[in-house]
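Structural description and commentary
Here is what each chain is made of, one letter per residue.
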Amino acid sequence: MTLAVTYLPEAPAHDPEIDAINEEAFGPGRFTRAAYKIREGGPHDRALSFVAMHEGIVIASVRMTWIAADKGRALLLGPLAVRPAFKNMGIGRKLVAMAIDASRKAGAPSVVLVGDEPYYGPLGFKKIPTGQMTMPRPVDPNRLLAVELRPGAVATLTGDVQHAWLVDGMPAHVEETGCAPAPASVA
Ligand SMILES: CC(C)(COP(=O)(O)OP(=O)(O)OC[C@H]1O[C@@H](n2cnc3c(N)ncnc32)[C@H](O)[C@@H]1OP(=O)(O)O)[C@@H](O)C(=O)NCCC(=O)NCCS
């Protein structure tokens with residue numbers, strides 16, 4: 001039997017369930033991760049972040065955050081988490097594919113993450129050359145991965161990585177409308 005799963009762009013109403021999923025998947029240790037430190041610098045982009053729903057309940061989530069490293073710009077993928085009862089059904093892979101597709105359509109040059117190469121490699125991610133990019137906390141260089149959406153984009157990501165808003169300021173469309181996504185409460 002195929003499970004009925006719906007995939008939606010993230011909305012503020014999903015926040016409590018996403019927080020619970022990330023707590024369950026990563027525990028309190030998530031706050032000490034390098035990627036979390038970057039995400040403290042500003043909100044994630046809800047339009048590029050997705051949830052998987054089953055019977056009205058959020059069962060998985062992926063969030064995307066704009067980052068800057070010197071002249072390079074990219075989206076940072078994560079956290080990605082699937083509720084234990086729904087693992088190994090292809091939901092994680094589907095969310096990653098949706099997030100990459102949305103990033104491409106949004107004009108992102110590349111998508112970066114800290115994660116397991118055996119999982120993300122088949123989804124198109126390759127190791128970023130060791131020492132090219134510096135995360136704000138130590139990471140295993142073998143886990144710093146990227147998908148290039150524009151030729152040569154990954155090579156422009158050099159030096160210290162931070163939330164893009166800290167470098168570029170808040171995007172104009174957010175200032176005009178006041179519609180900034182809520183700060184990432186868990187990431
Ligand atoms: C990792 C995670 C997101 C995968 O989501 P999922 O929906 O269960 O995975 P999918 O159904 O898309 O893919 C399942 C396949 O990936 C493999 N896989 C899962 N986690 C893996 C990992 N860390 N490394 C390598 N392979 C992995 C499974 O063994 C399975 O392989 P198979 O297709 O050969 O049987 C999910 O297990 C999870 O939420 N884990 C806890 C949080 C986490 O670690 N997030 C990722 C941070 S880098």
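In case you missed it, the structure is sitting above this.
Quick look at the structure, then.

Rules used in this analysis
Residues numbered from 1 in each chain as written. Predicted model: local features only at pLDDT ≥ 70, side-chain atom pairs only at ≥ 80, totals over all residues. Heavy atoms only, no water. Helix = DSSP H or I, 4+ residues; strand = E, 2+ residues; numbered from the N terminus. Contact = heavy atoms within 4.5 Å. Core = buried A, V, L, I, M, F, W, Y, C linked by side-chain atoms within 4.5 Å. Buried < 20%, exposed > 50% of the residue type's maximum accessible area, 1.4 Å probe, protein only. Near = heavy atom within 4 Å. Polar contact = N/O pair within 3.5 Å; in protein donor to acceptor, adjacent residues only side chain to side chain. Areas by Shrake-Rupley, 256 points an atom, 1.4 Å probe, with all protein chains shown as cover. Expected span 1.5 Å × (residues − 1). Salt bridge = Lys/Arg side-chain N within 4 Å of Asp/Glu carboxyl O.

**So, the environment of A74**
Here A74 lies in strand β4 (residues 72–82). Between the alpha carbons of A74 and S103 there is a distance of 8.9 Å; along the sequence they are 29 residues apart. Aside from chain neighbours lying at most four places away, what touches A74 is T65, W66, I67, S110, V112 and L157.

**Description of the nonpolar core**
If you look at the biggest cluster of nonpolar residues, it comprises 27 residues, and the most contacted ones within it are L77, I91, Y120 and F125. Of all elements in the fold, only β2 (50–54), β3 (57–69), β4, α3 (91–105), β5 (110–114) and β8 (144–148) reach the threshold of two or more residues within this core. Looking at this core, the element that brings in the most residues is α3, giving 7 residues. Not counting residues up to four positions away in its chain, the partners in contact with Y120 are L77, L80, V96, L113, G115, F125 and L145. Ranked by size, the runner-up nonpolar core spans 16 residues in total, among them A69, V112, I128 and V154.

**Topic: the site of the ligand**
By nearness alone, 18 residues border the ligand, and V82, N88, G90, G92 and D116 come closest of all. M89 places a polar main-chain atom, nitrogen or oxygen, 3.2 Å from an oxygen atom of the ligand. Contacts to the ligand include D116, whose side-chain N or O atom sits 2.6 Å from a nitrogen atom. Expressed as a share of its isolated accessible area of 890 Å², the protein-covered part of the ligand is 66%. Secondary structure elements with two or more residues in the shell around the ligand: α1 (15–26), β4, α3 and α4 (117–120).

**Notes on α3**
With 15 residues, α3 extends 21 Å between its outermost C-alpha atoms, agreeing within 8% with the 21 Å of an ideal straight helix rising 1.5 Å per residue. Among all positions in α3, only I91, G92, L95, V96, M98, A99, I100, A102 and S103 are buried. Trailing α3 by a residue or two, G107 shows a phi angle of about 85°, which is positive.

**Focus on the pattern of salt bridges**
On inspection of all chains with the given rule, the structure shows 11 salt bridges. A salt bridge links R63 to D15; the shortest N-O distance between them is 2.9 Å. Here R63, found in strand β3, pairs with D15, found in helix α1; they are 48 residues apart in sequence, far enough to count as distant. Both residues of the pair, R63 and D15, count as buried. One salt bridge in this structure joins E23 and R30, with 2.7 Å as the shortest N-O distance. Bridged by salt links that share partners, the residues E10, D15, R46 and R63 form one connected network.

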